[in-house]
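So the chains spell out like this:
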Amino acid sequence: MTAVGRRGKPAFTGRRAAFIGLCLLPGVLFVLVFTYWPMVRGSVMAFQRYNLFDLTQTPFVGLENFKGVLAEDRFWTALRNTGTWVFVSLVFQFFLGFGLALLLRRHFRGRGLYQAWVFFPWAMSGFLIGLLWRWMFNGQFGVINDLLLKVGVIDRPIAFLGTPGWAMTSVVVANVWYGVTFFAIMIMAALQSVPKELYEAASVDGATRIGQFWNVTVPHIRPTLALIVLLRIIWILNFPDLIYSMTGGGPAGSTDIITTYLIQQVMGGDYGRAGAVGLLVLALLLAFSIFYLNVTRTDETAR
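Scope of this entry: the structure provided in the associated data block. (Residues numbered from 1 in each chain as written. Predicted model: local features only at pLDDT ≥ 70, side-chain atom pairs only at ≥ 80, totals over all residues. Heavy atoms only, no water.)

1. Considerations on the overall build of the chain
(1) Moving on: Helices and strands together make up the secondary structure of the chain, namely 12 helices and 0 strands.
(2) Moving on: When the helices and strands of the chain are placed in sequence order, the string is α-α-α-α-α-α-α-α-α-α-α-α.
(3) Moving on: Over its C-alpha trace the chain gives a radius of gyration of 25 Å, far above what one expects of a compact globule, namely 19 Å for 303 residues.
(4) Moving on: Principal-axis analysis of the C-alpha atoms places the extent of the chain at approximately 75 × 70 × 40 Å.
(5) Moving on: Counted over contacts in the chain with a minimum sequence separation of 6, partners at least 24 positions apart contribute 65%.
(6) Moving on: Of the accessible surface of the chain, which amounts to about 18,400 Å², a share of 68% is contributed by carbon and sulfur atoms. (Helix = DSSP H or I, 4+ residues; strand = E, 2+ residues; numbered from the N terminus. Rg over C-alpha atoms; globule rule 2.2 N^0.38 Å. Contact = heavy atoms within 4.5 Å. Areas by Shrake-Rupley, 256 points an atom, 1.4 Å probe, with all protein chains shown as cover.)

2. Overview of the side chain of Ser254
(1) Moving on: Relative to the helices and strands, Ser254 is located in the loop between α10 (241–246) and α11 (258–267).
(2) Moving on: Look at Ser254 and you get buried, because its relative accessible area is 15%.
(3) Moving on: What Ser254 contacts, discounting residues up to four positions off in sequence, is Asn81, Pro164, Ala167, Met168 and Gly249. (Buried < 20%, exposed > 50% of the residue type's maximum accessible area, 1.4 Å probe, protein only.)

3. Remarks on the pattern of salt bridges
Side chains that carry opposite charge are capable of pairing whenever their charged atoms lie near each other.
(1) Moving on: In total, this model carries 4 salt bridges according to the counting rule given.
(2) Moving on: In this structure, the salt-bridge partner of Arg49 is Glu64, at a minimum N-O distance of 3.3 Å. One end of the pair, Arg49, is in the loop between α1 (14–45) and α2 (64–70); the other, Glu64, is in helix α2, with 15 residues separating them in the sequence.
(3) Moving on: With relative accessibility at 42%, the residue Arg49 sits in the partly exposed group.
(4) Moving on: Here Glu72 makes a salt bridge to Arg273, at a shortest N to O gap of 3.2 Å. With Glu72 in the loop between α2 and α3 (73–105) and Arg273 in helix α12 (residues 271–302), this residue pair connects regions lying 201 residues apart in the sequence.
(5) Moving on: The exposure class assigned to Arg273 is partly exposed, which follows from its relative accessible area of 23%.
(6) Moving on: In this structure, a network of salt bridges that share partners links the residues Glu72, Arg74 and Arg273. (Salt bridge = Lys/Arg side-chain N within 4 Å of Asp/Glu carboxyl O.)

4. Let's talk about the side chain of Thr181
(1) Moving on: Assignment of secondary structure puts Thr181 in helix α7 (residues 164–192).
(2) Moving on: We classify Thr181 as buried; its relative accessible area is 1%.
(3) Moving on: In contact with Thr181, not counting residues within four places along its chain, are Val118, Phe119, Pro121 and Trp122.

5. A look at the environment of Val176
(1) Moving on: Structurally, Val176 is set in helix α7.
(2) Moving on: Classification of Val176 as buried rests on a relative accessible area of 10%.
(3) Moving on: On a C-alpha basis, the gap between Val176 and Val88 in space is 8.7 Å, while along the polypeptide they are 88 residues apart.
(4) Moving on: The residues touching Val176, leaving out its near neighbours within four places in the chain, are Ser89, Phe92, Gln93 and Leu96.

6. Section: the environment of Pro164
(1) Moving on: Looking at the secondary structure, you find Pro164 in helix α7.
(2) Moving on: On the basis of relative accessibility, which here comes to 44%, the residue Pro164 falls in the partly exposed class.
(3) Moving on: Considered as a pair, Pro164 and Pro251 are 87 residues apart in the sequence and their alpha carbons are 5.9 Å apart.
(4) Moving on: Here Pro164 is in contact with Pro251 and Ser254, once residues within four sequence places are set aside.

7. A few points about the packing of aromatic side chains
Aromatic ring pairs: the centre-centre distance and the angle between the two ring planes describe each pair.
(1) Moving on: Applying the stated criterion across every chain, the model contains 19 aromatic pairs.
(2) Moving on: Seen in terms of ring centroids, Phe182 and Phe183 are 5.5 Å apart; in terms of plane orientation they differ by 80 degrees. Their pairing is edge-to-face. A single burial state applies to Phe182 and to Phe183, both of which are buried.
(3) Moving on: Site record: aromatic cluster; members linked through ring pairs are Phe94, Phe95, Phe98, Phe182, Phe183, Phe213, Trp214 and Trp235.
(4) Moving on: Stacked on the ring of Trp235, the Lys or Arg Arg232 has its end atom at 5.6 Å from the ring centre. (Phe/Tyr/Trp six-rings, centres within 6.5 Å; stacked < 30°, edge-to-face > 60°. Lys NZ or Arg CZ within 6 Å of the ring centre and 35° of its normal.)

As structure tokens, then:
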């Protein structure tokens with residue numbers, strides 16, 4: 001077998017395959033050790049009585065951890081809060097991000113500076129964002145209370161993070177501010193893929209700007225929108241960083257979501273229940289993803 005193929009390309013020899021495999025080995029090992037092994041180990045723990053403060057006895061207990069989690073009111077409260085957290089955050093992030101993407105698509109003076117300002121939150125960690133907004137929503141010396149007092153909207157400071165209703169509103173506001181950038185970036189990239197010829201043809205047919213938006217822009221980027229919405233739903237549900245740094249799930253569990261509830265199980269040393277919650281989250285996301293993909297695929301087929 002020659003070292004060069006018919007068209008001048010190097011032949012795929014065993015030595016070449018070994019070299020490629022050797023180059024891929026560090027990445028494969030990294031993923032196996034830091035992603036799949038913890039996943040497998042956590043799944044096994046879900047069926048054990050695995051308490052960090054007593055590792056001498058870690059027997060398999062079947063579904064006992066799952067029964068304990070499902071029988072706890074805090075779990076169902078966290079699950080309801082998760083629905084509110086994901087839905088409200090997603091709606092505002094999507095529409096505000098779509099609007100920003102349409103604005104950023106236009107050419108105007110200072111466009112690059114404006115883009116950098118819009119994309120800035122995405123460069124920060126979720127935990128740091130939470131600390132930033134925690135100070136802003138502080139009930140005694142937070143800047144938000146100060147601004148509302150100065151414009152006369154309120155006559156006394158509000159304990160945003162100490163009141164159940166206000167606490168959830170506060171963490172959602174912070175999450176919207178953080179997540180708008182994701183939609184702005186992804187939708188703006190999708191908008192660049194729409195051929196200009198389609199707009200020109202629609203304009204010739206007498207379509208208005210609004211008509212071009214609904215009949216050209218939206219249908220063309222709909223598959224991308226469906227995908228990024230699914231990704232963002234998964235991301236928001238698995239995003240306890242911001243809530244944990246702002247409220248820790250309080251007050252009285254009013255901002256607990258299913259992933260902060262999982263963290264609390266870990267902090268309490270009950271790795272068995274934490275593993276059970278993790279598997280429940282995985283099952284929930286898997287079921288929702290299958291349903292969502294089937295619905296969007298049916299919608300695409302029907303068009």
